[in-house]
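# Coordinates in review
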Amino acid sequence: MKIAICEDEVICTDTLETHIRKWASDNGVWVEVFTYESAEQFLFYMNENADTDLLFLDIKLGGINGVELAQKLRSMKHTVQIVFTTNSEKYVYEGYNVSALNYLIKPISYDKLCIAMNQAKETIDKRKFYLCKTSDSIVKIPYEDIIIIEMDSHNAVITTNTDKYITRRTLAEILGSLQDEIFIQCHRSCAVNIQHIYSISKKNLSLSNDMVVDIGRKYIKELNDRFIKYNRNRR
């Protein structure tokens, strides 16, 4: 589990990191902890933070405050789980619109930290990720973030809300790794995430990122059937 602490009080940072590592040892969970003194520093290292699972975020940071940072992350479609830390209960309700996982009042006890860590682990265990090997890194992409997978010569291009990842895999290899009903082939060189389909016509479909994609004749019936079934089950 990759964890970031964004906190400008050294004592609080040290306490959190000590509690996190104790929880990890007690529960047999591998953790990697990174610490940042400001929201600006966290944003500067966004590439490093892209696959962060959990962020402990001080509400009363100087400069960009914790709530503003959380709002910025959500506007960038960042799905990191956020636990706010604060000195006062009066700030607890400021982060509801960014889907905070929990709030911890300082000084933070080990027992309270354990509750937040257990919540985070339960949520992470339910999520599915695709490990995408690019030319220079391995990226963990949440299934729900993948919009479309397209072949470009010998490479596959995976498009999400915020990025594109190029990997030297075939479409069949990627779909075989994903093994999830939300992904369906719509063309011999293209597959889409049903969650991101906005509409389907006889010849093409529209996606949540405004892309319009051609549908191969042999795929249209299964695509329509799966799209209808998926949306019926969500009612």
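Cut-off values and rules
Residues numbered from 1 in each chain as written. Predicted model: local features only at pLDDT ≥ 70, side-chain atom pairs only at ≥ 80, totals over all residues. Heavy atoms only, no water. Buried < 20%, exposed > 50% of the residue type's maximum accessible area, 1.4 Å probe, protein only. Helix = DSSP H or I, 4+ residues; strand = E, 2+ residues; numbered from the N terminus. Arc of directions from axis to C-beta. Contact = heavy atoms within 4.5 Å. Core = buried A, V, L, I, M, F, W, Y, C linked by side-chain atoms within 4.5 Å. Pairing = 2+ DSSP bridges. Axes fitted to C-alpha atoms, helices over the stretch in contact; angles between N-to-C directions. 1 Å grid on protein atoms, 1.4 Å probe; cavity = no way out; pocket = protein on both sides within 12 Å on 5 of 7 lines; lining within 4 Å. Points joined across faces, edges and corners; volume = space filled by probe spheres on them. Nonpolar A, V, L, I, M, F, W, Y, C, P; charged D, E, K, R; others polar. Parallel < 35°, antiparallel > 145°, perpendicular 65-115°, else oblique. Left-handed = near helix turned anticlockwise from the far one by under 90°.

In an α-helix, one full turn covers 3.6 residues, which means residues spaced three or four apart are oriented alike. Three or more residues of helix H6 (residues 171-178) are buried, namely Leu 171, Ile 174 and Leu 178. Projected down its long axis, H6 shows its buried positions confined to an angular sector of 65 degrees, all on one face. Looking at the buried residues of H6, the elements they touch are strand E6 (129-133), strand E8 (146-152), strand E9 (155-160), strand E10 (164-167), strand E11 (183-187) and strand E12 (190-193). In the stretch just after H6, Gln 179 is the one whose phi turns positive, near 45 degrees.

Counting 31 residues, the largest nonpolar core has Ile 158, Val 192 and Leu 205 as the members making the most contacts within it. What Ile 158 contacts, discounting residues up to four positions off in sequence, is Tyr 130, Cys 132, Ile 141, Ile 146, Ile 148, Ile 149, Asp 163, Lys 164, Tyr 165, Thr 167 and Ile 174. Membership of the second largest hydrophobic core comes to 23 residues, among which are Val 33, Phe 56, Val 83 and Ala 120.

On to the environment of Ala 156. Among the secondary structure elements, Ala 156 is positioned in strand E9. A relative accessible area of 0% places Ala 156 in the buried class. Along the backbone, Ala 156 and Ile 166 are ten residues apart, and their C-alpha atoms lie at a distance of 5.7 Å. The contact partners of Ala 156, leaving out residues within four places of it in the chain, are Ile 149, Glu 150, Met 151, Tyr 165, Ile 166, Thr 167, Arg 169 and Ile 174.

Okay, the sheet that holds strand E14 (residues 204-207) next. One open sheet holds the three strands; their spatial order is E13-E14-E15, and the pairing between them is antiparallel. Either end of the sheet is taken by a strand with one partner, and the two such strands are strand E13 (197-200) and strand E15 (212-214). With strand direction ignored, the average angle separating the axes of adjacent strands in the sheet is 25 degrees.

Here we take up the layout of surface pockets. The space that makes up the largest pocket amounts to roughly 530 Å³. Lining the largest pocket are 24 residues, and of these Ala 50, Asp 51, His 78, Thr 162 and Tyr 165 sit closest to its centre. Those elements that place two or more of their residues in the lining of the largest pocket are helix H3 (46-49) and strand E7 (138-142). Sort the elements by how many residues they give to the lining of the largest pocket and E7 lands first, with five residues. For the lining of the largest pocket, the class distribution of residues is ten nonpolar, seven polar and seven charged.

Time to look at the side chain of Thr 52. In this fold, Thr 52 is placed in the loop between H3 and strand E3 (54-58). Classification of Thr 52 by relative accessible area gives buried; the value is 7%.

The subject of this paragraph is the packing of helix H1 (residues 10-27) against helix H5 (residues 110-126). Packed helices, taken two at a time, are described by the angle between their axes plus the distance between the axes. Two elements in contact, H1 and H5, have axes whose closest approach is 10 Å; the angle formed by their N-to-C orientations is 60 degrees. As judged from the angle between their axes, H1 and H5 are oblique. Relative to H5, the crossing made by H1 is right-handed. Packed against H1, whose contacting residues are Leu 16, His 19, Ile 20, Lys 22, Trp 23 and Asp 26, the element H5 presents Tyr 110, Leu 113, Cys 114, Met 117, Asn 118 and Lys 121 at the interface. Tallied by class, the residues present in the contact of H1 with H5 amount to seven nonpolar, two polar and three charged.

Burial along E10 is one-sided: Tyr 165 and Thr 167 are buried, and none of Lys 164 and Ile 166, which face the opposite way, are. If you look at the hairpin formed by E9 and E10, you'll find three residues sitting between the two strands.

Our focus in this paragraph is unusual backbone geometry. Along the chain, Lys 106 connects to Pro 107 via a cis peptide bond; the corresponding omega equals -10 degrees. With a phi angle near 60 degrees, Ser 153 is a residue other than glycine that sits in the positive phi range. Among the structural elements, Ser 153 can be located in the loop between E8 and E9. In this structure, Asp 210 takes a positive phi of about 75 degrees despite not being glycine. With respect to the helices and strands, Asp 210 occurs in the loop between E14 and E15. For Asp 210, a relative accessible area of 69% puts it in the exposed group.

Of all six residues in E9, five are buried, a share of seventy percent or more. Two strands pair when backbone bridges link them, and E8 and E9 are joined in this way by six bridges, in the antiparallel orientation. Bridged to Asp 152 within E9 is Asn 155. In this sheet, E10 lies alongside E9 in antiparallel orientation, the contact comprising four bridges. Bridge pairing in E10 places Thr 159 opposite Lys 164.

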